[in-house]
Amino acid sequence: MWLLQYNPAHEQPANRWPIRRYRDRIGVGDEVALWASGPGGGVTGLGQVIATTDGAVEIDHVRSFPVIRREQLKDDPRFAKALILRMPGGGNPFPVEPGQWPAITERVPAELHLVGKTVLGAAALAAAGATAIREAVRSVRRAQ
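Below: a short report on this structure. (Residues numbered from 1 in each chain as written. Predicted model: local features only at pLDDT ≥ 70, side-chain atom pairs only at ≥ 80, totals over all residues. Heavy atoms only, no water.)

Across its full length, the chain holds four helices and six strands. For the chain, the succession of helices and strands along the chain, N to C, is β-β-β-β-β-α-α-β-α-α. Accessible area of the chain: about 8400 Å², with a carbon and sulfur share of 56%. (Helix = DSSP H or I, 4+ residues; strand = E, 2+ residues; numbered from the N terminus. Areas by Shrake-Rupley, 256 points an atom, 1.4 Å probe, with all protein chains shown as cover.)

Moving on, we get to the pattern of salt bridges. Counting across every chain of the model gives four salt bridges. As a salt-bridge pair, Glu58 and Arg16 come within 3.9 Å of each other at their nearest N and O atoms. One end of the pair, Glu58, is in strand E5 (residues 56-69); the other, Arg16, is in strand E2 (residues 16-18), and 42 residues separate them in sequence. In this structure, Asp76 and Arg78 form a salt bridge, with 2.8 Å as the shortest nitrogen-oxygen distance. Where salt bridges share partners, they join Asp76, Arg78, Glu106 and Arg107 into one cluster. (Salt bridge = Lys/Arg side-chain N within 4 Å of Asp/Glu carboxyl O.)

Among the structural elements, Leu4 can be located in strand E1 (residues 2-6). Separated by 88 residues in sequence, Leu4 and Asn92 have C-alpha atoms that sit 5.6 Å apart. Setting aside its immediate chain neighbours within four residues, Leu4 contacts Trp17, Ile19, Val32, Ala33, Leu34, Trp35, Val57, Ile59, Asn92 and Pro93. (Contact = heavy atoms within 4.5 Å.)

Listed below in structure tokens is the structure:
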């Protein structure tokens, strides 16, 4: 799990993010949080590493949301010692310890989590199917 920091005053990288550190540790399938630097900054999205190359990672499945402010995360004891808070001027990526990750993900709307999206999508399909069946039964009853 990683944080990828960007400056919101500049254009945010789309899917390809330069990395300067931890090149031997970051890998395909790793989860990432996007971190806006500066005043009012914090986590603005979640994604997943889909490829690594020399000096960069490609991410996909990016879900953006209203910023989870640095102050909120700093006040959470699980996240208070995160490297991004102690050394914000360091280069990408910033490691996120397993105990720190829930401090972020618990603040993300459920429908934006990959699993949450899948469950909500399945629930919507099930509800649509139930409605279709109910309407079919009603039409058969009316025809009798």
